Amino acid sequence: MQGVKIPVGVSVFPDELYEAPRSWAEQAYPKLIHYNRLPVGGHFAAWEQPALFSDEMRATFRSLR
């Protein structure tokens, strides 16, 4: 994953299989534009927490509008 040259957002849901630490995300994605840890949700976050998931998508790409 290293060397991804497009803007990237990372939303960490606590019940996901792997909770990517910010330090890892910053190394893997040089153009990290959003990072957030959420209070609830898991592997199927879009289905489990649709409002939080859509808020994260909006927050990630807001700076690119």
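This is a predicted model, so every value here is computed, not measured.

### Digging into the confidence of the model for the protein
Point 1. Mean pLDDT for the protein: 93, with 97% of residues reaching 70 or above.
Point 2. The element-level mean pLDDT for the protein is lowest in helix α1 (residues 22-28), coming to 94, with strand β2 (residues 32-37) highest at 97.

### Here we look at the nonpolar core
Point 1. If you look at the biggest cluster of nonpolar residues, it comprises eight residues: Val8, Val10, Val12, Ala25, Ala28, Tyr29, Leu32 and Tyr35.
Point 2. Elements with a minimum of two residues in this core: β1 (8-12), α1 and β2.
Point 3. Looking at which element gives the most residues to this core, the answer is β1, with three residues.
Point 4. When sequence neighbours within four positions are dropped, the list of residues in contact with Val10 reads Ala25, Tyr29, Leu32, His34, Tyr35 and Asn36.

### Observations concerning the pairing of β2
Working note: regular strand, side chains alternate between the two faces of the sheet.
Point 1. Of the strand pairs in this sheet, β1 and β2 are connected by five bridges, and their pairing is parallel. If you follow Val12 over to β2, its bridge partner there is Arg37.
Point 2. Viewed along the sheet, the connection from β1 through α1 into β2 turns out right-handed.

### Thoughts on the side chain of His34
Point 1. Within the secondary structure, His34 sits in strand β2.
Point 2. Within the local environment of His34, its side chain forms a polar contact with the side chain of Glu56, the two groups lying 2.8 Å apart.
Point 3. Those residues in contact with His34, other than ones at most four positions away along the chain, are Val8, Gly9, Val10, Ser11, Glu56, Ala59 and Thr60.

### Quick look at the packing of aromatic side chains
Point 1. For the structure on display, the rule yields two aromatic pairs.
Point 2. Relative to Trp24, the ring of Tyr18 has its centre 6.2 Å away and its plane inclined at 80°; by these criteria the two rings are edge-to-face.
Point 3. For Tyr18, a relative accessible area of 49% translates into the label partly exposed.
Point 4. By relative accessible area, which is 31% here, Trp24 ends up partly exposed.
Point 5. Each ring, one from Trp24 and one from Tyr29, has its centre 5.8 Å from the other, and the planes form 90°; the classification is edge-to-face.

The rules behind these values
Residues numbered from 1 in each chain as written. Predicted model: local features only at pLDDT ≥ 70, side-chain atom pairs only at ≥ 80, totals over all residues. Heavy atoms only, no water. pLDDT = per-residue confidence, 0-100. Helix = DSSP H or I, 4+ residues; strand = E, 2+ residues; numbered from the N terminus. Core = buried A, V, L, I, M, F, W, Y, C linked by side-chain atoms within 4.5 Å. Buried < 20%, exposed > 50% of the residue type's maximum accessible area, 1.4 Å probe, protein only. Contact = heavy atoms within 4.5 Å. Pairing = 2+ DSSP bridges. Right-handed = clockwise from strand over helix to strand, strands pointing away. Polar contact = N/O pair within 3.5 Å; in protein donor to acceptor, adjacent residues only side chain to side chain. Phe/Tyr/Trp six-rings, centres within 6.5 Å; stacked < 30°, edge-to-face > 60°.

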